[in-house]
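Read off the chains here:
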Amino acid sequence: MKRYLFRISISLLTLALIGVSAFTALAVTRPFHLVEHGTLTVDKDGNLVTDGTGTATHLGRFDLHRTATLTPTREGDLEVDGQATLTAANGDRLESTIKGTLNPQTGKAVLTYEWKGGTGRFQNATGATVWLVQVNPPDPPNNTVQTYDVVADGIIIY
C-alpha cells in the first residue's frame with residue numbers, strides 16, 4: 001500500500017511540474033508598440049504626475065497614470081524615476097517602472113519602461129520598451145497643465 005501511495009505521489013508531483021513548465025512555456029516574447037497623448041502637471045513637491053490615453057499592441061485602447069520624481073543632472077537635464085500603470089479597456093493592468101532623462105529646454109524625453117507584471121493576462125509580464133516623449137509648450141504660457149505625445153517600441157513577454 002505504501003509503495004502504491006508513493007507512486008501516486010510521484011506521479012502527481014511530476015504532473016504538477018509539467019503543468020508549471022507549460023505555463024512558463026506559454027510566455028512569449030512579443031513586439032510592443034504604443035501611441036499616447038496626455039496631460040502632465042508638476043506637484044508642489046516637484047513630482048511629475050501624468051494621465052494619458054492611447055492605443056497599444058496587446059492592450060488596445062488604454063488609460064495610463066504615471067508618477068515620477070524629477071532630479072536635475074549636471075548637464076541641465078532632468079533624471080526621471082517613477083512608475084506607471086496602463087489599464088486596458090477590459091480592465092487588465094500592466095505595471096512598470098520608469099527611468100530616463102528629460103531635456104526641459106526641448107521638451108524631449110527618452111524613457112525606458114520595464115514591465116513588472118500586473119493583472120489578468122499581464123500578471124507575470126516582463127520586458128522593456130523605449131518611450132520617445134515630446135512635452136508640448138504650455139498654452140497659454142502661464143498654464144500649469146501641459147500636454148505631451150509619446151511613441152514607444154519594445155517587447156513584452158507574457
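Structure first, text after, so check above.
Residues numbered from 1 in each chain as written. Predicted model: local features only at pLDDT ≥ 70, side-chain atom pairs only at ≥ 80, totals over all residues. Heavy atoms only, no water.

Trainee: Would you explain the overall build of the protein chain in this entry?
Mentor: On a plain count of helices and strands, the protein chain comes out with 1 helix and 8 strands. Each helix (α) and strand (β) of the protein chain, taken in turn from the N terminus, gives the series α-β-β-β-β-β-β-β-β. Residues classed as buried in the protein chain amount to 29% of the 158 residues present. The long-range fraction of contacts in the protein chain, counting pairs at least 24 apart against all pairs at least 6 apart in sequence, stands at 44%. (Helix = DSSP H or I, 4+ residues; strand = E, 2+ residues; numbered from the N terminus. Buried < 20%, exposed > 50% of the residue type's maximum accessible area, 1.4 Å probe, protein only. Contact = heavy atoms within 4.5 Å.)

Trainee: Is there a simple way to explain the packing of aromatic side chains in this structure?
Mentor: We describe a pair of aromatic rings using the distance from one ring centre to the other and the angle between the two ring planes. According to the stated counting rule, one finds 4 aromatic pairs in the structure shown. Both rings, one in Tyr113 and one in Trp131, keep their centres 3.7 Å apart while their planes meet at 15 degrees; by these two values the pair is stacked. Here Tyr113 is found in strand β6 (residues 108-118), whereas its partner Trp131 is found in strand β7 (residues 128-135), with 18 residues between them in sequence. A relative accessible area of 0% means that Tyr113 is categorised as buried. Plain terms: the ring middles of Phe122 and Tyr158 are 5.1 Å apart, the flat faces sit at 65 degrees to each other, and that makes the pair edge-to-face. (Phe/Tyr/Trp six-rings, centres within 6.5 Å; stacked < 30°, edge-to-face > 60°.)

Trainee: Sorry, what's going on with the nonpolar core here?
Mentor: Inside soluble globular proteins, nonpolar side chains tend to come together where they are buried. Ranked by size, the top nonpolar core spans 31 residues in total, and within it Leu34, Leu59, Leu86, Leu94 and Trp131 carry the most contacts. Every element with two or more residues in this core is listed here: β1 (29-42), β2 (47-56), β3 (60-72), β4 (78-88), β5 (93-103), β6, β7 and β8 (146-157). A total of 5 residues in this core trace back to one element, the largest contributor, which is β4. With near-sequence residues (within four places) excluded, Leu86 lies in contact with Leu34, Leu59, Phe62, Asp63, Leu64, Asp92, Arg93, Leu94, Trp115 and Trp131. (Core = buried A, V, L, I, M, F, W, Y, C linked by side-chain atoms within 4.5 Å.)

Trainee: Just to check I follow, could you spell out the pattern of salt bridges for this structure?
Mentor: Two side chains bearing opposite charge may form a pair once their charged atoms approach each other closely. Enumeration over the complete set of coordinates arrives at 5 salt bridges. Ionic pairing is found between Asp81 and Lys99, a salt bridge with its closest N-O pair at 2.9 Å. Of this pair, Asp81 sits in strand β4 while Lys99 sits in strand β5, placing them 18 residues apart in sequence. Judged by relative accessible area, Asp81 falls into the partly exposed class, the value being 33%. Judged by relative accessible area, Lys99 falls into the partly exposed class, the value being 49%. Among the salt bridges present, the one from Glu114 reaches Lys116, with a minimum N-O distance of 3.2 Å. (Salt bridge = Lys/Arg side-chain N within 4 Å of Asp/Glu carboxyl O.)

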